[in-house]
Amino acid sequence: MSTAIEIGLAAAIVVVKGDVPQILVARGGDATPGLPFGVFDPLAHRTFEIGLRAWVKEQTGFSLGYVEQLYTFGDRGRHARRGDGEPHEVSVGYLALTRLGAEASEVPTTARLLPWYHFFPWEDWRSGKPECLAAILPALDEWAADAIADREEIERRGLSRRERLKLSFGTASIPWDEEKALDRYELLYEAGLVGEALRDGRPSAEARASLPPAGEMMRYDHRRILATAISRLRAKLKYRPLIFELMPPTFTLTALQRTVEAIAGRHLHKQNFRRFVEGTALVEPTGDMAPTAGRPAAVFRFRREVLQERPSLGLRLGGRG
C-alpha cells in the first residue's frame, strides 16, 4: 500500500527587540513551543507561499514581509510515533523577517515571542564562551570516541566524528563559525544531547538521559528548521542587506551594529563596522540626531537605491570586537 503524503508549511519568523533576536511561536495544544505551521491546501492556496502567509496570519495575526524558502524536511518520524499509520508529512520550511512597529507593540494573544538563544544557548558568544559548552563539549568528546560508529561515519560522510566536532564547534585550532548553527544542532541531535533525540527514541539519547538537555525542545523537528533559518540568515547578512528588514525606517549606527551582533551571536569591531557601512553607501544620514547617554548620535536610513546599483551587498562582519 502506498503511504499518503501531506505537505506542511512552517515559518521561522525573526524579530529583533533591542539586542535580542526573537522567534514568533504559535500557541499549540501543549506547552512545547513550535513554529507557526499549517498544511498546504492546493484547493485554497495557489502557491506554497500564499498558503504560508494564510496560516501565519490565522495563527499569529501577523502579515509577513520578507519571506524565503529554506529547505524541505521529509524524514519519517518527524510528526509521527513509531508504528503509526498516519500520512507521512513533508514540511517546507521558510525564513521570514519582520519588525514590530509602534502599531504592533503587542504580539497577538495567539502567539508569543521567545529569544532564539533560549533554544540555542551555545550560539551566543557576545558575553564570551557560553557556559553550557562546559557540559556539551565533554559529552560530544565521549560520543566522538566511539571507534566502531566512527568507522561507519567515515564511510557515510567522509569525515570522522572527531572531524565533524572540530569543524562544527571550533575545537582545537579551528575558529568558531557562526554560520554552522545547523551543523551544531544536528551533531547534538545525533549525540543524543537535545530533548528531541530522547523523544524520538534515539539510542544515543537514551544513553545520555542523565545529562541536562541542551536548550529548550520544540515541537516536531521545528528546532531543526529554526537552526536552518539561523544559519541561512547569518550567511546572507554577508552578501545581502537583509538586516534592514529588521530595522526601523531610521536608526543610529550603534543600533544597526547591535542588531547585526544579535543575529551573528558575536561582537564586531566598532570602527571597522562603521567604516564598511558608510563606505559601501548602504545607509545615508537623515540630518537628524538621536539623544544618547553621551553625545547625540547621527540618524541614518537604508538606501534602497543601492539594490539596483550593485548586485551583491552585505555586511562584512570581519573580526570580533
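This text gives an overview of the structure that appears in the document.

Cut-offs and rules
- Residues numbered from 1 in each chain as written.
- Predicted model: local features only at pLDDT ≥ 70, side-chain atom pairs only at ≥ 80, totals over all residues.
- Heavy atoms only, no water.
- Helix = DSSP H or I, 4+ residues; strand = E, 2+ residues; numbered from the N terminus.
- Buried < 20%, exposed > 50% of the residue type's maximum accessible area, 1.4 Å probe, protein only.
- Polar contact = N/O pair within 3.5 Å; in protein donor to acceptor, adjacent residues only side chain to side chain.
- Salt bridge = Lys/Arg side-chain N within 4 Å of Asp/Glu carboxyl O.
- 1 Å grid on protein atoms, 1.4 Å probe; cavity = no way out; pocket = protein on both sides within 12 Å on 5 of 7 lines; lining within 4 Å.
- Points joined across faces, edges and corners; volume = space filled by probe spheres on them.
- Nonpolar A, V, L, I, M, F, W, Y, C, P; charged D, E, K, R; others polar.
- Core = buried A, V, L, I, M, F, W, Y, C linked by side-chain atoms within 4.5 Å.
- Contact = heavy atoms within 4.5 Å.
- Expected span 1.5 Å × (residues − 1).
- Arc of directions from axis to C-beta.
- Phe/Tyr/Trp six-rings, centres within 6.5 Å; stacked < 30°, edge-to-face > 60°.
- Lys NZ or Arg CZ within 6 Å of the ring centre and 35° of its normal.
- Axes fitted to C-alpha atoms, helices over the stretch in contact; angles between N-to-C directions.
- Parallel < 35°, antiparallel > 145°, perpendicular 65-115°, else oblique.

**A short note on the environment of G128**
If you trace the backbone, G128 turns up in the loop between β6 (111-115) and α2 (133-144). Judged by its relative accessible area of 31%, G128 falls in the partly exposed class. Residues G128 and R266, spaced 138 residues apart in sequence, show a C-alpha to C-alpha distance of 8.5 Å.

**Digging into the side chain of T280**
Within the element layout of this structure, T280 appears in the loop between α10 (270-279) and β7 (283-290). A polar contact is formed between the side chain of T280 and the backbone oxygen of V277, at a distance of 3.3 Å.

**Section: the pattern of salt bridges**
Under the counting rule described, the total for this entry stands at 16 salt bridges. The closest approach of N and O atoms between R303 and E284, which form a salt bridge, is 3.9 Å. One end of the pair, R303, is in the loop between β8 (297-302) and α11 (306-309); the other, E284, is in strand β7, with 19 residues separating them in the sequence. Via salt bridges that share partners, E178, E179, K238 and R266 belong to a single interconnected network.

**Section: the layout of surface pockets**
The volume enclosed by the second largest pocket comes to roughly 210 Å³. Taken together, V16, G18, D19, L246, M247, P248, F251, T252, T254, A255, R258 and T259 form the lining of the second largest pocket. At four residues, the largest contribution of residues to the lining of the second largest pocket is made by helix α9 (residues 253-264). Residue composition of the lining of the second largest pocket, by class: six nonpolar, four polar and two charged.

**Considerations on the nonpolar core**
Counting 64 residues, the largest nonpolar core has L140, F169 and L256 as the members making the most contacts within it. Counting residues per element, this core draws most heavily on α2, which supplies seven residues. With near-sequence residues (within four places) excluded, L256 lies in contact with I243, F244, M247, F251, F273 and V277. Core analysis: the next-biggest nonpolar cluster, separate from the first, contains 16 residues, V15, L24, F40 and V67 among them.

**Examining helix α1 (residues 48-60)**
The terminal C-alpha atoms of α1 lie 18 Å apart, and with 13 residues this matches the ideal 18 Å at 1.5 Å per residue to within 8%. Of the positions making up α1, those classed as buried are G51, L52, V56, Q59 and T60. All buried residues of α1 project into a common sector of 130° when viewed along the axis, lining one side. Positive phi appears at G61, one or two residues downstream of α1, with a value of about 85°.

**Regarding the packing of aromatic side chains**
Taken as a whole and assessed by the stated rule, the structure comprises 10 aromatic pairs. Taking 6.3 Å as the distance between ring centres and 55° as the angle between the ring planes, the aromatic pair formed by F37 and Y220 counts as tilted. A residue pair is termed long-range when its members are at least 10 positions apart, and F37 in strand β3 (residues 37-39) and Y220 in the loop between α7 (203-207) and α8 (222-236) qualify at 183 residues. Judged by centre distance (4.7 Å) and plane angle (80°), the ring pair of F40 and F48 falls under edge-to-face. Owing to a relative accessible area of 27%, F48 belongs among the partly exposed residues under this scheme. Here the aromatic cluster, defined as three or more aromatic residues joined through ring pairs, consists of F120, W122 and Y185. The ring of W176 has R184 sitting right over it, with the charged end atom 3.8 Å from the ring centre.

**With respect to the packing of helix α3 (residues 147-157) against helix α4 (residues 161-169)**
Where α3 meets α4, the axes come as close as 8 Å, and the angle between the chain directions of the two elements is 70°. The angle between the axes of α3 and α4 places the two elements in the roughly perpendicular class. Facing A149, D150, E153 and R157 of α3, the residues of α4 in contact are R161, R162 and R164.

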